[in-house]
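# Structure at a glance
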Amino acid sequence: MRIAAISGSLRKASSNTRLLQAVADLAPEGMEILLFEGIGELPHFNPDIDGDDSPASLMEWRKALQIADGVILCTPEYANGVPGVLKNALDWIVSSGEFLNKPTAVISASPLATGGKVAHASLLLTLQMITANLFEGGQLSIPLIYKKLNEQGEFTDAETTEEIRALLRALANAVELRG
């Protein structure tokens, strides 16, 4: 089972990217989580450049989603919303269908006590529009991430660790149900 993992942050020391790497370490047997780090290479969304001669970065993005059995998106919250780079990446998928009924887990992580809930809600709306399979148990908001994930990218909070494991089990179940 291949899972594409996408961080909504381009920061080198991003807690969302480190979180996805830690999530990959918790993957159950038979699940491989592959971090896709190319969303920063995508051009600004423009349907005029989408077609037979699409940019290579766009083709790589779509291919990563096509070969994935499921997806995990992890987003910070910038200015009360989804980071532009993540929204741009999803805009490229609106008409091509890579998320069509694809089991998709959503995590937001923030240093604030709100856990990035506004970005989380906004991301869910976008994913509903592109008909991603947003299954029960596949959403998690993590407040105060700096207290739950250390600089080495290891979970330091047992409750968060168990919540991640439950999300991964739910994702595996959703992938298996999809067949």
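For the structure itself, look to the data block above.
Residues numbered from 1 in each chain as written. Predicted model: local features only at pLDDT ≥ 70, side-chain atom pairs only at ≥ 80, totals over all residues. Heavy atoms only, no water.

### Let's talk about the pattern of salt bridges
To keep it simple, the criterion reads: The salt bridge criterion pairs a side-chain nitrogen of Lys or Arg with a carboxyl oxygen of Asp or Glu, the two atoms within 4 Å. Numbering of helices and strands runs from the N terminus; a helix is a DSSP stretch of H or I covering at least four residues, while a strand is a stretch of E covering at least two.
Taken as a whole, this structure holds three salt bridges when the rule is applied. Among the salt bridges present, the one from arginine 62 reaches aspartate 50, with a minimum N-O distance of 2.8 Å. Placement of the pair is arginine 62 in helix α2 (residues 56-67) and aspartate 50 in the loop between β2 (32-36) and α2, with a sequence separation of twelve residues. A salt bridge links lysine 87 to aspartate 91; the nearest nitrogen and oxygen atoms lie 2.5 Å apart. On the criterion of helical spacing, the pair formed by lysine 87 and aspartate 91 is a turn pair, its members being four residues apart in helix α3 (residues 84-91).

### Section: the pairing of strand β4 (residues 104-109)
Along a regular strand, successive side chains alternate from one face of the sheet to the other. Let me state the cut-off plainly: Burial classification: accessible surface area is computed with a 1.4 Å probe over protein chains only, and a residue below 20% of its type maximum counts as buried, one above 50% as exposed, and the rest as partly exposed. The pairing criterion for strands is at least two bridges between them, as found by DSSP. Here a crossover is taken to be right-handed if, once the strands point away from the viewer, the path from the first strand over the helix to the second is traced clockwise.
Most of β4 sits inside the fold, with six of its six residues counted as buried. Both faces of β4 are covered, namely the face carrying Thr104, Val106 and Ser108 and the face carrying Ala105, Ile107 and Ala109. Pairing between strand β3 (residues 70-75) and β4: five bridges, direction parallel. Across the sheet, residue isoleucine 72 finds its bridge partner in β4, namely alanine 105. Chirality of the crossover, the property in question, places the unit of β3, α3 and β4 among those that are right-handed. Where β4 lies against strand β5 (residues 139-142), four bridges are found, and the strand directions are parallel. Bridge pairing links valine 106 to glutamine 139 in β5. This β-α-β element, β4 to helix α4 (residues 117-129) to β5, shows right-handed connectivity.

### Focus on α4
Here is the rule we go by: Here the expected length of a helix is defined as 1.5 Å per residue gap, with one fewer gap than residues. What the arc measures is the spread of directions leading from the helix axis to the C-beta atoms.
Taking 1.5 Å per residue, 13 residues should reach 18 Å; α4 reaches 19 Å between its end C-alpha atoms and fits that length. Within the span of α4, buried status applies to Ala119, His120, Leu123, Leu124, Thr126 and Leu127. An end-on view of α4 places all buried positions within 165° of arc, on one side of the element. Among the exposed residues of α4, those pointing more than 90 degrees away from its buried face are Lys117, Leu125 and Met129.

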